[in-house]
Amino acid sequence: MDVWRSMGFYGVLIFAGLLDMPDETLESARLDGATGWRLIRHIVLPLSAPVLLSSVVFSINGTLKVFDSVLALTNGGPGSDTTPLTLYMFRTAFSYGDYGYGTTIASLLTVVCLGVTLVIFRFSRRDLTKG
């Protein structure tokens with residue numbers, strides 16, 4: 001369900017990244033003889049790396065923060081087999097009244113999302129801050 005719900009967002013994001021590619025670069029690559037797979041592999045993918053990297057970061061962080069679809073579809077069941085961290089945090093804070101532990105879980109989730117984002121940016125082959 002989440003894949004279908006977010007597919008439009010990522011489609012528009014990637015489409016905008018493809019539209020933002022400089023025509024001069026693609027034209028010069030075609031004049032140099034790049035066609036088909038070589039054009040995609042050596043020109044299009046490196047130029048769209050920042051957009052693809054952002055899509056990966058958004059997707060992984062969205063997966064870590066999934067809440068509403070699990071609550072609506074399975075309510076964390078059967079048993080607690082499909083209970084993500086966010087649903088556990090919600091139940092701890094608002095069903096059981098343990099707001100301190102719920103806040104601790106939320107803080108941990110924030111640190112995990114930040115850590116995953118930093119690891120992805122650290123191990124990406126291209127330094128995206130240099131333009």
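The numbers attached to residues start from 1 for each chain and follow its sequence in the written order. With pLDDT at 70 or above as the cut-off, local features in this predicted model cover only qualifying residues; side-chain atom pairs require 80 or more to be listed or tallied, and sums for whole chains, interfaces and linings still use all residues. Note that water and hydrogens are dropped before the side-chain values are worked out from all heavy atoms of the structure.

Engineer: Would you mind showing me how to read unusual backbone geometry here?
Structural biologist: Residues apart from glycine generally show negative phi values, whereas peptide bonds are mostly found in trans. Here Gly77 and Pro78 are connected by a cis peptide whose omega angle stands at 0°. One non-glycine residue, Asn75, lies in positive phi territory at about 55°. Numbering of helices and strands runs from the N terminus, with a helix taken as a DSSP run of H or I at least four residues long and a strand as a DSSP run of E at least two residues long. By secondary structure assignment, the location of Asn75 is in the loop between helix 5 (68-73) and helix 6 (85-95). Look at Asn75 and you get partly exposed, because its relative accessible area is 44%. Think of it in three bands: with a 1.4 Å probe and only protein chains considered, a residue is buried below 20% of the maximum accessible area for its type, exposed above 50%, and partly exposed in between.

Engineer: Would you take a moment to explain the environment of Pro84 for this structure?
Structural biologist: Within the fold, Pro84 resides in the loop between helix 5 and helix 6. As a C-alpha pair, Pro84 and Met21 span 63 residues in sequence and 38 Å in three-dimensional space. What makes two residues a contact is simply this: any of their non-hydrogen atoms within 4.5 Å. Beyond its immediate stretch of four places on either side in the chain, Pro84 contacts Val66 and Val70.

Engineer: Sorry if this is basic, but what is going on with the packing of helix 3 (residues 36-47) against helix 4 (residues 49-64) here?
Structural biologist: Pairs of packed helices are described in terms of their axes, by the angle between the two and the distance that separates them. At a minimum axis separation of 4 Å, helix 3 and helix 4 run at an interaxial angle of 60°. Regarding the angle of helix 3 to helix 4, the classification is oblique. Only Ala49, Pro50 and Leu52 of helix 4 make contact with helix 3, whose side of the interface consists of Leu45, Pro46 and Leu47. When the residues that make up the contact of helix 3 with helix 4 are grouped by side-chain class, the tally is six nonpolar, no polar and no charged. Interaxial angle, 0 to 180 degrees, is taken between N-to-C directions of lines fitted to C-alpha atoms, where a helix line uses only the stretch in contact. An angle counts as roughly parallel when it lies under 35 degrees, as roughly antiparallel when it exceeds 145, as roughly perpendicular when it falls between 65 and 115, and as oblique in every other case. Each residue is assigned to one class: nonpolar for Ala, Val, Leu, Ile, Met, Phe, Trp, Tyr, Cys and Pro, charged for Asp, Glu, Lys and Arg, and polar for all the others, Gly among them.

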